[in-house]
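Working through the structure, step by step
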Amino acid sequence: MERTLKGIPAAPGLAIGQAVALKRTADAGRPAVTGEVALDPASEWVRFGQALDQARESVARLEERTRREVGEAEAAVFGAHLLMLEDPELLERVKAGIEAGSPAERAVAAAGEELAGIMAGLDDPYLQERALDIRDISRRLIAALRGEQEEEVGGPAPFILLADDLLPSQTARLDRHRVLGLATAGGGPTSHTAVLARSMGIPAVVGLGAGTLDGIADGVRLILDGAEGLLILDPSEETLTRYEELLAQREVERAALSALRHAPAQTADGHRIELAANIAGLQDLAAVLEAGAEGVGLFRTEFLFMEREEPPSEEEQYAIYREVAERLAPRPVIIRTLDAGGDKPIAYLGIEREENPFLGWRGIRYSLDQVELLRSQLRAALRAAAHGSIRVMFPMITTLAEVRRARALLIECEGELRAEGIPLGPVEVGIMVEVPAAALCADQLAPEVDFFSIGSNDLTQYTLAVDRGNRVVSHLYDPLHPAVLRLIHQVVEAAHRHGKWAGLCGEAGSHPDALPILVGLGLDELSVAPPSVLRVKAQLRGLTGAECRRQASDHLKTGT
Amino acid sequence: MTVRATTGLHARPATQVVQEAKRFQSTIRLKHGEKEAAAGSIVGLMSLGLKQGAAVTITADGPDEAEAAQALATLIAGLE
């Protein structure tokens, strides 16, 4: 019988394949010790020492492999694992357990659970997450004690992996050629699993709910729709055919669209716009280049800060920004400074739980209070500008004073780099227009910047007072509401009056109904997700400037 | 003394403390409120849950205790 589970979309894409369930992590941490006889404590301790050496080696290998295949930031978690393996708190507890007569497996499991429990009970969400790391190393030690081989997650043929939750080490070890898709009962859109799945290009659905995946036998046919957050079990022939067609259709579309790679982004009557792509890190570059985007219109640098222990250093950021700039040169790259807070919490930044995170300490508000962090970003961006075309953009601007302070800081960083004799290049400076106040005062802000980029998601949310993540009211969320369009129109006009340009980098840019209206409002640039670039270009080339302007003026008056 | 590191004592600063503590023979402990941890344990240090502005007491016991306490205090004060 066909059954559909709804979860949280974590990584887009369709997958059709067989289920393979990952051994539940809770079981993995609970060794089957019944019937096992403990040797004398001395030999147990020796066994433990050997297991420790083995675990250290395999973590070091994993660190190396993750650094090579995924990235430096993702590999850092295994550096912490190495330290935890030699932690006296752990070793003392294991020793005490062994001396009390436990087999080493049980001593490790008990010690690991006790320490994980302590971490899980702390009030800092970052530290709570470290409980998972302690469970990961104790699972690894137990596997080594039992003489189990390092398990490669998976089955014989390509499959869709089901799990309660994935440990970082398990996600990193997935073979992306065999894992068609990923579905987990736990986790959120910013969990380690979700972020890694996106960067590895594996369609994923998370947060399906505790227990929902229990009892799905290996080999059951599944359809996973990562964009919609759906997992369909045992689909009917009809459903299966529909998705197979969809999958085939996407292939055909992809082929047809790729012919447009080098075609200009313009309407049939020659109205040209700059069509760029949004990225979250180096992992998205290949898709940007493949889509023939004219640049990066939004580099969400907060992703460089996620899933790690501490902020990336200036050097680390410089290396990344430089690589992006070099690979895209001469095309421009817009680096948006850290936009933490709101729906993107980063535990170690010390942003406490807020009553109203979207109205709280986020974006430029945070950065101007944590100036060192912002300086590291600005210095890295200026240095990268020596190797390509870099623009810097500040998020969540509400007041003129914020723009001035941020710019002053940029000038200060320029001076410092010059004094230090470090090469740097010129950068254009822009702001995100996502707070209605900034849109309404765009004429005051325009003289202070080189460009505006409208963040349509937040601008819509703030203008209409609708949380688009809240199912009860999300039907009211409408980026084409006349109020939002009037603000966009005002921003574009203000920019043009001052000889500046205005773009848009929200999801509205890739919405087929919105495109003619946005073009008609006079936006100079659109930045969309890399997979949408060619589709937007294809649509744009079928429109005319006159038709776009007519639609825009209709909507400004009447709405949808 | 007071923790100044903006993120509190998370993994990287905790690592530095562990490495510094290992240079000494003395037993070094950090105390924060009711909680206490060995300076040589990353898990122990993190489980103190130290945030920016938290007050900690360092104790050292052993042949190089004065030097050890001083070194750790200097290190923690300098963490960013």
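Just so you know, the residues in each chain are numbered from 1, in the order the chain's sequence is written. Each chain takes a letter, starting from A, and each ligand takes a number, starting from 1, following the order in which they are written. Only residues with pLDDT of at least 70 get local features here, since the model is predicted, and only at 80 or more are side-chain atom pairs given and counted; chain-wide, interface and lining totals rely on the full set of residues.

**Re the overall build of chain A**
Here a helix means four or more residues in a row that DSSP labels H or I, a strand means two or more in a row labelled E, and each is numbered from the N terminus. Looking only at helices and strands, chain A has 22 helices and 16 strands in total. Here chain A holds 560 residues, and 47% of them are scored as buried. Two residues qualify as a contact pair if the distance between their C-beta atoms, derived from the backbone, is within 7 Å. The contacts of chain A with a sequence gap of at least 6 include a subset with a gap of at least 24, amounting to 69%. We call a residue exposed when 12 or fewer other C-beta atoms sit within 10 Å of its C-beta, buried when the count reaches 20 or more, and partly exposed for counts in between; the C-beta positions come from the backbone.

**Some words on the overall build of chain B**
Tallying secondary structure elements over chain B gives three helices and three strands in all. Element order for chain B, N to C, with α for helix and β for strand: α-β-β-α-β-α. Here chain B holds 80 residues, and 42% of them are scored as buried. When contacts within chain B are restricted to residue pairs at least 6 apart in sequence, those whose partners lie at least 24 apart make up 68%.

**Quick look at the interface of chain A and chain B**
If you look at the interface, chain A gives 24 residues, while chain B gives 20 residues. Residue assignment for the side of chain A that touches chain B shows that the elements contributing at least two residues are α3 (72-85), α4 (88-99), α5 (104-120) and α6 (125-145) of chain A. Top element by residues in the side of chain A that touches chain B is α6(A). It accounts for four residues. Grouping the constituent residues of the side of chain A that touches chain B by class yields 14 nonpolar, two polar and eight charged. For this scheme, ten residues count as nonpolar: Ala, Val, Leu, Ile, Met, Phe, Trp, Tyr, Cys and Pro. Four count as charged, namely Asp, Glu, Lys and Arg, and the remainder, Gly too, count as polar.

**Structural notes on helix α1 (residues 11-21) of chain B**
Looking at α1(B), one finds that the buried residues are B:A11, B:P13, B:A14, B:V17, B:V18 and B:A21. Along α1(B), the residues classed as buried sweep out an arc of 165 degrees about the axis, all on the same side. Think of it as the arc spanned by the lines of direction from the helix axis to the C-beta atoms.

**Side note on the confidence of the model for chain B**
Across chain B, the average pLDDT comes to 83, with 92% of residues at or above 70. Across the interface, the model reports ipTM at 0.81; the global pTM reads 0.60. What pLDDT reports is the predictor's confidence in each residue, on a scale of 0 through 100.

**Re the sheet that holds strand β8 (residues 230-233) of chain A**
Residue and element names in this part refer to chain A. Should DSSP find at least two bridges between two strands, the strands are regarded as paired. On the basis of which strands lie adjacent, the open sheet formed by eight strands has the order β1-β8-β7-β3-β4-β5-β6-β2 and mixed pairing. In this open sheet, the two edge strands, each paired with only one partner strand, are β1 (3-6) and β2 (8-11). Adjacent strand axes in the sheet meet at a mean angle of 30 degrees when their direction is disregarded. The pairing of strand β7 (residues 221-225) with β8 spans four bridges and is antiparallel. By the bridge assignment for β8, I223 is matched with I232. Sheet strands touched by helix α9 (residues 237-258): β3 (14-21), β7 and β8. Its angle to β3, the strand with the most contacts, is close to 125 degrees. Lines fitted to C-alpha atoms define the axes here, with helix axes fitted over just the stretch in contact, and angles between the N-to-C directions of these axes take values from 0 to 180 degrees.

**Looking at the sheet that holds strand β12 (residues 389-394) of chain A**
Residue and element names in this part refer to chain A. A barrel is described by the order of its strands in space; here eight strands give the closed sequence β9-β10-β11-β12-β13-β14-β15-β16, paired in parallel fashion. Going across the sheet, the axis of each strand differs from the next one's by a mean of 25 degrees, ignoring polarity. Here four bridges tie strand β13 (residues 427-433) to strand β14 (residues 451-454), and the two strands are oriented parallel to one another. Bridge pairing in β14 links I431 to F452. In the packing of helix α12 (residues 314-328) onto the sheet, contacts are made with β10 (296-300), β11 (332-336) and β12, and the angle to β11 comes to roughly 155 degrees. Strands β9 (274-279) and β16 (525-528) of the sheet are contacted by helix α21 (residues 533-541), whose axis makes an angle of about 160 degrees with β9.

**Things to note about unusual backbone geometry**
Residue and element names in this part refer to chain A. A cis geometry characterises the amide bond from A329 onward to P330, with omega recorded as 5 degrees. You can see P330 is positioned in the loop between α12 and β11. Not every positive phi belongs to a glycine, and D234 is a case in point at roughly 45 degrees. You can see D234 is positioned in the loop between β8 and α9. At A465, a residue that is not glycine, the phi angle is positive and equals roughly 55 degrees. In this fold, A465 is placed in the loop between α18 (456-464) and α19 (482-497). Taking the C-beta count within 10 Å as the criterion, A465 has 8 such neighbours and is therefore assigned exposed.

**A closer look at the pairing of strand β4 (residues 159-163) of chain A**
Residues and elements named next belong to chain A. With five of its five residues buried, β4 lies for the most part within the structure. Side chains F159, L161 and A163 of β4 all project onto a buried face; the interleaved residues I160 and L162 project onto the opposite face, where all are buried too. With four bridges joining them, β3 and β4 adopt parallel strand pairing. Bridging from a neighbouring strand, Q18 pairs with F159 of β4. In the sheet, β4 pairs with strand β5 (residues 179-184) via five bridges, with the strands oriented parallel. Within the sheet, the bridge partner assigned to A163 lies in β5 and is T184.

**A closer look at the packing of α4(A) against α5(A)**
All names here are of chain A. Between α4 and α5, the shortest axis-to-axis distance is 8 Å and the interhelical angle comes to 135 degrees. As far as their axial angle goes, α5 and α4 are oblique. Between α4 and α5 lies a crossing of right-handed hand. Seen from α4, the contacting residues are E89, L90, R93, V94, G97 and I98; seen from α5, they are A104, R106, A107, V108, A110, A111, E114 and L115. Angular relationships are summarised with four words: roughly parallel below 35 degrees, roughly antiparallel beyond 145, roughly perpendicular across 65 to 115, and oblique for the angles in between. By convention, the crossing between two helices is left-handed when the near helix turns anticlockwise from the far helix through less than a right angle, and right-handed when the turn is clockwise.

**Observations regarding the environment of A:E253**
Residue and element names in this part refer to chain A. The residue E253 is located in helix α9 in this model. The exposure class assigned to E253 is partly exposed, which follows from the 13 C-beta atoms found within 10 Å. Between the alpha carbons of E253 and L534 there is a distance of 9.8 Å; along the sequence they are 281 residues apart.

**So, the nonpolar core**
Membership of the largest hydrophobic core comes to 150 residues, with the highest contact counts inside it found for A:V296, A:A381, A:I431, A:V491 and B:L45. B:L45 has contacts with B:L9, B:A14, B:V17, B:V18, B:L30, B:A37 and B:A39, leaving out every residue within four places of it along the chain. Each nonpolar core reported here comprises buried Ala, Val, Leu, Ile, Met, Phe, Trp, Tyr and Cys residues connected via C-beta atoms within 7 Å. Counting residues in hydrophobic clusters, the runner-up holds 33 residues, among them A:L167, A:V179, A:L180 and A:L224.

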